[in-house]
Amino acid sequence: MIERIWSGRSPLWLLLWPLSLLYGAVAGLIRLSYQRGWRKSWRAPVPVIVTGNLTAGGNGKTPVVIWLVETLQQRGFRVGVVSRGYGGKAAHYPLLVTPETPTQQAGDEPVLIAQRTHAPVAVAPVRRAAVEALLAAHDLDAIVTDDGLQHYALQRDREIVVIDGVRRFGNGWWLPAGPMRERAARLSSVNAVIVNGGHAQAHEIAMTLTPGAAINLHTGVALPLTQLPAIVAMAGIGHPPRFFNTLKQQGVTPVAEVAFADHHAYSEKELVQLTQDDQCLVMTEKDAVKCRHFSRPHWWYVPVEAHLTGAPLAALLDDLTQLCAKARPH
């Protein structure tokens with residue numbers, strides 16, 4: 001239902017329109033308060049690169065964060081990541097993510113980013129605290145924030161926005177009548193726009209998510225998706241249909257598709273009930289980090305890699321390289 005409302009296909013968005021105006025007014029006032037200096041923001045001693053969204057829901061931001069961190073690492077830079085840690089609840093903040101940190105404390109995305117990139121990751125509702133914790137523990141050349149485009153208390157050197165290329169901006173209205181956290185005009189002030197799927201415009205960077213082989217949660221064995229028996233697909237991400245469509249594009253038709261809410265806290269009991277004896281449970285990598293400790297031999301996940309193309313990409317990479325190089329002490 002929410003997809004129909006946000007896309008404008010359902011007239012119910014008109015009922016939410018007054019709340020949308022209130023949301024937009026509050027969001028605009030918060031941004032203005034930092035622009036005018038009525039509220040103080042903090043600048044980190046190293047460059048901060050914000051990766052975020054204008055809309056609610058899954059746009060593919062986390063794969064972009066992983067791609068960005070790995071790209072800067074390949075260029076010789078030491079990069080840390082900070083996150084709000086949505087879906088997790090720690091006894092104290094900031095929380096430095098280690099290989100033993102459970103998703104119940106850090107949230108699924110920070111744990112996934114740490115496992116994939118091996119970069120230092122810190123979680124805190126106040127991102128300044130997370131940045132300070134990282135810099136106290138590591139010598140870093142740059143900080144990448146996972147989300148935080150609207151977290152104006154932390155100053156940033158570059159802003160990168162990720163857009164779902166198929167859904168774009170829906171009906172264009174603020175939450176809750178539409179999907180927008182900020183209106184599309186905000187794009188005029190960011191440094192790069194990455195479009196996940198769909199059609200990228202001339203000034204945008206096109207991104208595709210390429211799935212790898214399925215990996216068994218229990219053993220780590222990798223197999224082509226087409227070699228798995230009957231598949232039950234599950235996803236607890238911002239836009240589950242994207243994952244289901246990815247499987248179909250690989251020539252796999254699930255016998256069932258089960259969608260959970262984004263950042264859903266899985267229980268062993270609910271997942272065991274999803275499959276029969278002759279079926280495999282296939283999930284996203286983001287789901288897998290929450291399920292590995294009670295996994296079954298027939299559970300698999302599918303990692304994805306972000307591939308970026310387009311004329312603006314080279315300029316973005318050159319700009320980020322120069323930014324990090326200038327900040328590095330000689």
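Bear in mind that the values here come from a model prediction, so they are computed numbers and not experimental data. As a convention, each chain's residues are numbered from 1 in the sequence order in which they are written. Side-chain atom pairs in this predicted model are given and counted only at pLDDT of 80 or more, local residue features only at pLDDT of at least 70, and totals for whole chains, interfaces and linings cover all residues. Note: side-chain values were computed over all heavy atoms of the structure, leaving out hydrogens and water.

Any two strands with at least two DSSP-identified bridges between them are counted as paired. Numbering of helices and strands starts at the N terminus; helices are DSSP runs of H or I of at least 4 residues and strands are runs of E of at least 2. The strand order across the open sheet built from six strands is S10-S9-S14-S13-S11-S12, with neighbouring strands paired in mixed fashion. Edge positions in the open sheet fall to strand S10 (222–223) and strand S12 (256–259), since each of these has one partner strand only. In this sheet, S10 lies alongside strand S9 (residues 214–216) in antiparallel orientation, the contact comprising two bridges. Residue pairing in the sheet places Ile-215 in a bridge with Ala-222 of S10. Any two residues whose heavy atoms approach within 4.5 Å at even a single point are treated as in contact. Lines are fitted to the C-alpha atoms to define the axes, a helix being fitted only along its stretch in contact, and any angle between axes, read from their N-to-C directions, falls within 0 to 180 degrees. With respect to the sheet, helix H7 (residues 240–249) is in contact with strand S11 (230–235), S12, strand S13 (279–284) and strand S14 (299–302), its orientation differing from that of S11 by roughly 155°.

What follows covers the UniProt feature "binding site: ATP" (unreviewed entry) in the protein. UniProt positions are given in the numbering used here, feature names are shortened, and annotations may be inferred rather than shown by experiment. Here, UniProt's "binding site: ATP" (unreviewed entry) annotation points to Thr-55, Ala-56, Gly-57, Gly-58, Asn-59, Gly-60, Lys-61 and Thr-62. With respect to the helices and strands, the residue Gly-57 is situated in the loop between strand S1 (48–52) and helix H3 (61–74). Not counting the four nearest positions on each side in its chain, Gly-57 is found in contact with Arg-167 and Gly-238. Mapped onto the fold, Gly-60 is located in the loop between S1 and H3. Relative accessibility under 20% of the residue-type maximum defines a buried residue, over 50% an exposed one, and the middle range a partly exposed one, all with a 1.4 Å probe and only protein chains included. When its relative accessible area of 11% is taken as the criterion, Gly-60 is described as buried. Ignoring sequence-local partners within four residues, the contact set of Gly-60 consists of Val-162, Asn-196, Met-207 and Arg-242.

Burial analysis of S1 places five of its five residues in the buried class, which makes it a mostly covered element. In this sheet, strand S5 (residues 142–146) lies alongside S1 in parallel orientation, the contact comprising four bridges. Each residue of the ladder has a partner; that of Ile-49, found in S5, is Val-144. When S1 meets strand S6 (residues 158–164), the two strands line up parallel, connected through four bridges. When the sheet's bridge partners are listed, Ile-49 is paired in S6 with Arg-158.

Residues Arg-127, Ala-130, Val-131, Ala-133 and Leu-134 constitute the buried set of helix H6 (residues 127–137). All buried residues of H6 lie within an arc of 160° about the axis, which places them on one face of the element. Contact partners of the buried residues in H6: strand S2 (79–83), strand S3 (95–96), strand S4 (121–123) and S5. Arc definition: directions from the helix axis to the C-beta atoms.

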